[in-house]
Protein chains: 2
Amino acid sequence: MGVSKPPNVNEPMCPSRLVLEHVTSRWGVLVLAALLERSYRFSELRRTIGGVSEKMLAQTLQTLERDGFVHRDAKPVIPPRVDYSLTALGEEAARQVWELARWTERRVQAVEEARVRYDTVREASQ
Amino acid sequence: MGVSKPPNVNEPMCPSRLVLEHVTSRWGVLVLAALLERSYRFSELRRTIGGVSEKMLAQTLQTLERDGFVHRDAKPVIPPRVDYSLTALGEEAARQVWELARWTERRVQAVEEARVRYDTVREASQ
DNA sequence: CTGGATCCAATACGATACTG
DNA sequence: CAGTATCGTATTGGATCCAG
């Protein structure tokens, strides 16, 4: 197999595992993928992603901002306007998760077929 | 930017979002990355990953097996011996998450520096 | 050894109401 | 508009015990 050593994320709570969990988190993936296309305002991003609550979006954005993936640009105007965009680091991460998201879309049918096989086999034997 | 359209995982509960959540789940990522290196037995995998409970490992493996990513080979011997390995589909997924894991490791220091900056700025202003 | 079953704690999440 | 605060629920995850 053409791979070298597996990453040593395999220690209980090493820092990189934490980072990995942030970028692969339920909403983290979707935020990064969306921001790869362009920058978004808060509500705009919320509508684009769909199904995310204000609370979780805010929380996700804060985590990603703290990790240095997302840049938050709050303009001092009324009504408030805040733009979110990717940093250089964030763009690297986003490209990875975006590839993963694309791959998932391409293969989702194969997965569904696998599930049918799995379920029918199990169902038959009980 | 060199990207086309973002994946339409951006609908509340589309099937591909589900699949994405499985492969990016906390333990899913680590299981796939580990199995990319070679096949593992249950306890062996548990030790290798570290910090995962029996319950969660079993659950993760079942999900990945149902999705067609993992092949489960239960040998009818006593004591029981079960080997887990990747299917072709699983290997594709594993390569993606493995790249992500590697990237995370390479960049973990940049993230930690970003966090320090974020925290010191916030701390100074309150 | 491989897991299923059960119980319990932590926390992820969503809905709503509220503020600058 | 862009969040924060609070609450209640749902899900996740771990520990333990048990069976084949």
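This structure is a prediction, so every number in the text was calculated from the model and none was measured. (Residues numbered from 1 in each chain as written. Chains lettered and ligands numbered in written order. Predicted model: local features only at pLDDT ≥ 70, side-chain atom pairs only at ≥ 80, totals over all residues. Heavy atoms only, no water.)

**Focus: the sheet that holds strand E2 (residues 70-75) of chain B**
Residues and elements named next belong to chain B. Reading across from one edge, E1-E3-E2 is the order of the 3 strands in this open sheet, with antiparallel pairing throughout. At either end of the open sheet lies a strand with only one pairing partner, and these are strand E1 (40-41) and E2. As judged from the 2 bridges shared by E1 and strand E3 (residues 81-86), these two strands associate in the antiparallel manner. Its bridge partner lying in E3, Arg41 is registered against Asp83. (Pairing = 2+ DSSP bridges. Helix = DSSP H or I, 4+ residues; strand = E, 2+ residues; numbered from the N terminus.)

**Describing the interface of chain A and chain B**
Taken together, the 62 residues of chain A in the interface contact 61 residues of chain B. Roughly 5800 Å² of surface becomes buried between chain A and chain B when both sides are summed, with 63% attributable to carbon and sulfur atoms. Three residues, Arg66, Trp103 and Arg115 of chain A, lead the burial of chain A against chain B; their summed loss comes to 12% of the area buried on that side. Our enumeration of links across chain A and chain B arrives at 8 salt bridges. Here Arg26 of chain B and Glu21 of chain A are joined by a salt bridge, their closest N and O atoms 3.5 Å apart. Put simply, chain A and chain B have 16 residue pairs in polar contact (both at pLDDT 80 or more) between them. Mapped onto the side of chain A that touches chain B, the elements with two or more residues apiece are helix H1 (15-23), helix H2 (26-37), helix H3 (42-49), helix H4 (54-66) and helix H5 (88-124) of chain A. Partitioning the side of chain A that touches chain B into residue classes produces 30 nonpolar, 13 polar and 19 charged. (Contact = heavy atoms within 4.5 Å. Buried area = accessible area lost by both parts, 1.4 Å probe. Salt bridge = Lys/Arg side-chain N within 4 Å of Asp/Glu carboxyl O. Polar contact = N/O pair within 3.5 Å; in protein donor to acceptor, adjacent residues only side chain to side chain. Nonpolar A, V, L, I, M, F, W, Y, C, P; charged D, E, K, R; others polar.)

**Brief notes about the protein's contact with DNA strand D**
Around DNA strand D lies a shell of 19 residues, among which Ser43, Arg72 and Tyr84 of chain A together with Lys55 and Pro80 of chain B are the nearest. Per the 4 Å cut-off to the protein, sugar and phosphate atoms form 59% of the nearby atoms of DNA strand D. At 3.1 Å from a phosphate oxygen of DNA strand D is found a side-chain nitrogen or oxygen belonging to Gln62 of chain A. The set of elements that each furnish at least two residues to the surface near DNA strand D consists of H3, H4 and strand E3 (81-86) of chain A together with helix H2 (26-37) and helix H4 (54-66) of chain B. Take the surface near DNA strand D: its biggest share by element is 4 residues, from H4 of chain A. Split by residue class, the surface near DNA strand D holds 9 nonpolar, 4 polar and 6 charged. (Near = heavy atom within 4 Å.)

**Brief notes about the environment of Val82 of chain A**
All names here are of chain A. Turning to its location among the elements, Val82 is positioned in strand E3. By relative accessible area, Val82 is classed as buried at 17%. Considered as a pair, Val82 and Asp67 are 15 residues apart in the sequence and their alpha carbons are 18 Å apart. Among all residues touching Val82, those that are not within four sequence positions of it are Tyr40, Arg41, Phe42, Arg72, Asp73 and Ala74. (Buried < 20%, exposed > 50% of the residue type's maximum accessible area, 1.4 Å probe, protein only.)

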